Amino acid sequence: MQSAVNFVRGSVLLEVKSSYPERFFNLCARHGIEFWDMTNDGLGVFRIRMTVKNFKRIRPVARKAMCRVHIVKRCGLPFFLNRFRKRAALISGCAVFCIIAWIFTSFVWVIDIDGYAELDTARLLNELSKQGLRVGTYAPSVEMENLKNNILIDMPELSYISVNINGSHAHVTARKRTLPPEILPSELPCDIISDKDGIIHDITVKSGTPEVVRGETVTRGQILASGYVTGRAGTTITTHADAEIRARVWRKKSARMPKKYSEKVYTGREKDLYTILLFDNRIKLYINSGISYTKCDKIIKRTDLRLFGRYRLPISLERATCREYEISKASVSDETAYDSLSKGLMSSLELPEDAEVINADFITSSDEVFAYATLTAESIEPIGTKREILRNG
Amino acid sequence: MQKDSFRVRAADLLDIPADIKGGLLHIEITGKREVFIENHKGILELSENEVTLNAGKETVRVLGQRLRVLAMNNNEIRLSGIIESVGFVREGSSCSQL
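Residues numbered from 1 in each chain as written. Chains lettered and ligands numbered in written order. Predicted model: local features only at pLDDT ≥ 70, side-chain atom pairs only at ≥ 80, totals over all residues. Heavy atoms only, no water.

1. Structural notes on the sheet that holds strand 15 (residues 242-258) of chain A
Residues and elements named next belong to chain A.
- Read from one edge to the other, the open sheet built from five strands follows the order 11-9-15-21-20, with strand pairing classed as antiparallel. A single partner strand is all that each edge strand has here, and the edge strands are strand 11 (217-218) and strand 20 (356-366).
- As paired strands, strand 9 (residues 198-207) and strand 15 are joined by seven bridges and run antiparallel to one another. If you follow Ile199 over to strand 15, its bridge partner there is Arg248.
- Running at roughly 30 degrees to strand 21 (residues 370-382), helix 9 (residues 334-348) makes contact with strand 15, strand 20 and strand 21 of the sheet. (Pairing = 2+ DSSP bridges. Helix = DSSP H or I, 4+ residues; strand = E, 2+ residues; numbered from the N terminus. Contact = heavy atoms within 4.5 Å. Axes fitted to C-alpha atoms, helices over the stretch in contact; angles between N-to-C directions.)

2. Let's talk about the interface of chain A and chain B
- Contact with chain A, which involves 15 residues of that partner, is made by 15 residues of chain B.
- Buried area between chain A and chain B, both sides added, is near 1200 Å², and the carbon and sulfur share of it is 51%.
- Three residues, Glu22, Ala29 and Met38 of chain A, lead the burial of chain A against chain B; their summed loss comes to 36% of the area buried on that side.
- Between Asp37 of chain A and Arg68 of chain B there is a salt bridge, with its nearest N and O atoms 3.8 Å apart.
- There are seven residue pairs in polar contact (both at pLDDT 80 or more) connecting chain A and chain B.
- The set of elements that each furnish at least two residues to the side of chain A that touches chain B consists of helix 2 (21-30) and strand 2 (35-40) of chain A.
- Considering each element in turn, the side of chain A that touches chain B owes the most residues, six residues, to strand 2 of chain A.
- Here the side of chain A that touches chain B is composed, by residue class, of eight nonpolar, three polar and four charged. (Buried area = accessible area lost by both parts, 1.4 Å probe. Salt bridge = Lys/Arg side-chain N within 4 Å of Asp/Glu carboxyl O. Polar contact = N/O pair within 3.5 Å; in protein donor to acceptor, adjacent residues only side chain to side chain. Nonpolar A, V, L, I, M, F, W, Y, C, P; charged D, E, K, R; others polar.)

3. Brief notes about unusual backbone geometry
- Even without being glycine, Asp37 of chain A reaches a positive phi, approximately 55 degrees.
- The topology assignment puts Asp37 of chain A in strand 2.
- Look at Arg66 of chain B: it is not a glycine, yet its phi comes out positive at around 50 degrees.
- Examined against the element boundaries, Arg66 of chain B turns out to sit in strand 5 (residues 58-72).

4. A short note on the domain arrangement of chain A
- The domain boundaries assigned to chain A delineate domain 1 (2-82), domain 2 (110-176), domain 3 (254-259 + 332-382) and domain 4 (262-329).
- Centre-to-centre separation of domain 2 of chain A and domain 4 of chain A, based on C-alpha positions: 30 Å. (Domains from an automatic or database assignment.)

5. Re the nonpolar core
- Grouped together as the largest cluster of nonpolar side chains are 35 residues, with contacts concentrated most on Phe24, Phe25, Phe35 and Ile48 of chain A.
- For Phe35 of chain A, the contacting residues outside a window of four places in its chain are Phe25, Cys28, Ile48, Arg49 and Met50 of chain A together with Val69, Leu70, Ala71 and Met72 of chain B. (Core = buried A, V, L, I, M, F, W, Y, C linked by side-chain atoms within 4.5 Å. Buried < 20%, exposed > 50% of the residue type's maximum accessible area, 1.4 Å probe, protein only.)

6. Let's talk about the sheet that holds strand 10 (residues 209-210) of chain A
- Strands sit in the order 10-12-8-22 (chain A) across an open sheet of four strands; the sheet is antiparallel. Edge strands, defined here as strands with exactly one partner in the open sheet, are strand 10 and strand 22 (385-388) of chain A.

7. Structural notes on the packing of helix 7 (residues 121-130) of chain A against helix 8 (residues 144-154) of chain A
Residue and element names in this part refer to chain A.
- Between helix 7 and helix 8, whose axes approach to 10 Å, the crossing angle comes to 130 degrees. As far as their axial angle goes, helix 8 and helix 7 are oblique. Taken as a pair, helix 7 and helix 8 cross one another with a handedness that is right-handed. Contacts between helix 7 and helix 8 pair Arg123, Leu124, Glu127 and Leu128 from the former with Leu147, Ile151 and Asp154 from the latter.
- Residue composition of the contact of helix 7 with helix 8, grouped by class: four nonpolar, no polar and three charged. (Parallel < 35°, antiparallel > 145°, perpendicular 65-115°, else oblique. Left-handed = near helix turned anticlockwise from the far one by under 90°.)

8. Concerning the side chain of His240 of chain A
Residue and element names in this part refer to chain A.
- Among the secondary structure elements, His240 is positioned in the loop between strand 14 (236-238) and strand 15.
- At 2.7 Å, the side chain of His240 and the backbone oxygen of Leu188 are in polar contact.
- Here the side chain of His240 touches Lys386 through a polar contact of 3.3 Å, side chain to side chain.
- Sequence-distant contacts of His240, that is, excluding residues within four places in its chain, are made with Leu184, Pro185, Ser186, Leu188, Pro189, Cys190, Ser207 and Lys386.

9. Quick word on the packing of helix 2 of chain A against helix 4 (residues 58-65) of chain A
Residues and elements named next belong to chain A.
- Two elements in contact, helix 2 and helix 4, have axes separated by 9 Å at closest approach and are oriented at 145 degrees. As for the relative orientation of helix 2 and helix 4, their crossing is right-handed in sense. For the pair helix 2 and helix 4, the contacting residues are Arg23, Phe24, Leu27 and Cys28 in the first and Ile58, Val61, Ala62, Lys64 and Ala65 in the second.
- Its residues assigned to classes, the contact of helix 2 with helix 4 comprises seven nonpolar, no polar and two charged.

10. Describing the pattern of salt bridges
All names here are of chain A.
- Evaluated as defined, the whole model comprises 20 salt bridges over all chains.
- Taking the shortest distance from any N to any O, the salt bridge between Glu145 and Lys148 comes out at 3.6 Å. Of the two residues, Glu145 and Lys148 are both situated in helix 8; the distance of three residues between them amounts to about one turn of the helix.
- Lys148 gets classed as buried once you look at its relative accessible area, which sits at 19%.
- Among the ionic pairs, Arg323 bridges to Glu270, the shortest N-O distance being 3.4 Å. With Arg323 in strand 19 (residues 311-331) and Glu270 in strand 16 (residues 260-278), the pair connects residues that are 53 residues apart, well separated along the chain.

11. So, the packing of aromatic side chains
All names here are of chain A.
- Going through the model one piece at a time under the given rule, you end up with nine aromatic pairs over all chains.
- Considering the side-chain rings of Phe25 and Phe46, the 5.4 Å spacing of their centres and the 80 degrees angle between planes classify their relative orientation as edge-to-face. Here Phe46 lies in strand 3 (residues 45-51) and Phe25 lies in helix 2, a separation of 21 residues in the sequence. The pair Phe25 / Phe46 is uniform in exposure class, with both members buried.
- Among the aromatic residues, those joined into a ring-pair cluster are Phe24, Phe25, Phe35 and Phe46.
- The ring centre of Tyr325 lies 4.8 Å from the NZ or CZ of Lys264, which sits over that ring. (Phe/Tyr/Trp six-rings, centres within 6.5 Å; stacked < 30°, edge-to-face > 60°. Lys NZ or Arg CZ within 6 Å of the ring centre and 35° of its normal.)

Pasting the structure below:
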């Protein structure tokens with residue numbers, strides 16, 4: 001630690017030649033001139049180290065002690081910096097660099113949004129921009145609390161938002177509000193009605209009166225369990241019906257697929273077009289923007305410039321690769337088309353969570369142009385939804 | 001026999017620790033490598049094998065090998081090297097070792 005302090009303060013290594021060096025050292029001590037690291041070469045020549053400040057006071061002491069003192073080495077930061085005293089351009093360059101670095105780090109250059117996959121990032125960015133946080137905003141001018149409150153008011157689908165500005169980097173974390181499912185209060189009288197057509201597979205009524213039995217065909221809107229319960233005395237009361245009902249439900253889906261189609265065949269000719277993105281400006285690094293290819297795919301790869309591999313700067317390099325292709329006609333066999341159609345139809349079935357497909361029949365056919373497939377899927381799944389019984393009828 | 005000063009006698013009478021009696025020589029030895037001497041009055045002799053210090057009424061002699069002054073100011077001196085002995089020099093005789 002002391003050596004670091006000495007380095008910052010600066011020190012000089014002196015050579016002292018005297019027939020009676022003890023007198024010089026005693027005078028130094030008496031005058032408050034501290035020194036350290038004394039070495040002796042054995043021939044009456046001593047080397048000592050002292051601060052620059054003390055060295056400036058040593059001349060009368062040396063004269064009084066009748067010794068010769070000269071500097072062997074200058075060490076430390078003041079001497080290092082002194083070398084640059086005459087290099088005005090270098091010093092002013094450093095100063096300009098510091099000022100530019102300070103100015104540039106005072107602005108928001110990058111806005112990162114996290115946790116907002118379900119919603120529209122562009123909308124949130126737009127909202128942030130309205131509230132005064134956009135690329136190029138002076139960071140200290142952003143009022144965080146107001147910004148967060150206003151965004152939560154303007155975007156009711158958000159439950160939480162946090163904005164942290166770290167240097168030139170604004171990190172926004174937003175969470176979508178998950179609305180609870182609409183549940184009918186348990187004290188309200190209700191019926192359970194069918195929400196789809198099917199055949200009852202099993203029914204367990206916890207409360208209310210069952211209106212259907214196993215194996216019975218039901219249609220959409222039909223009451224499955226009634227909220228009216230008749231007591232032993234013959235009185236009828238209303239209750240909140242509750243039941244677990246599962247039914248066999250059939251779904252029918254059809255699709256067709258062209259047997260002949262157009263296929264891209266890349267010719268192997270490519271052209272790269274580079275663009276620099278500086279904030280919202282695009283600087284094209286090519287002169288002729290016209291692409292001679294009649295048909296081409298444009299693959300854009302954007303590389304962000306990062307400082308130390310971590311801090312993203314508002315400068316990006318965009319490479320647009322244009323790959324020429326030609327359209328060629330291709331055809332598929334019936335089997336391949338049926339296979340593809342059946343996979344597509346199975347994945348397009350909109351089944352509820354607890355549904356179990358017990359049977360899936362495909363009917364396939366084809367003509368010269370198309371292959372057709374029809375899926376009839378049978379599943380066992382929960383049915384029934386609650387409907388409030390209105391007291392006035 | 002040398003008589004103690006009034007200050008020393010007063011401090012003894014009042015049970016004041018020797019450490020804080022003003023002006024008394026204070027010597028600290030760290031192993032065989034370092035000696036720290038407080039309240040010295042200057043160097044009398046300085047060589048690689050011997051450092052003699054003026055301590056007012058006493059004279060302190062440090063004997064050793066490759067002795068060097070690590071730091072020095074008006075009151076304190078820190079010596080390093082291979083310390084062989086630290087002692088007071090009696091008038092007209094050799095030193096009494098600590």
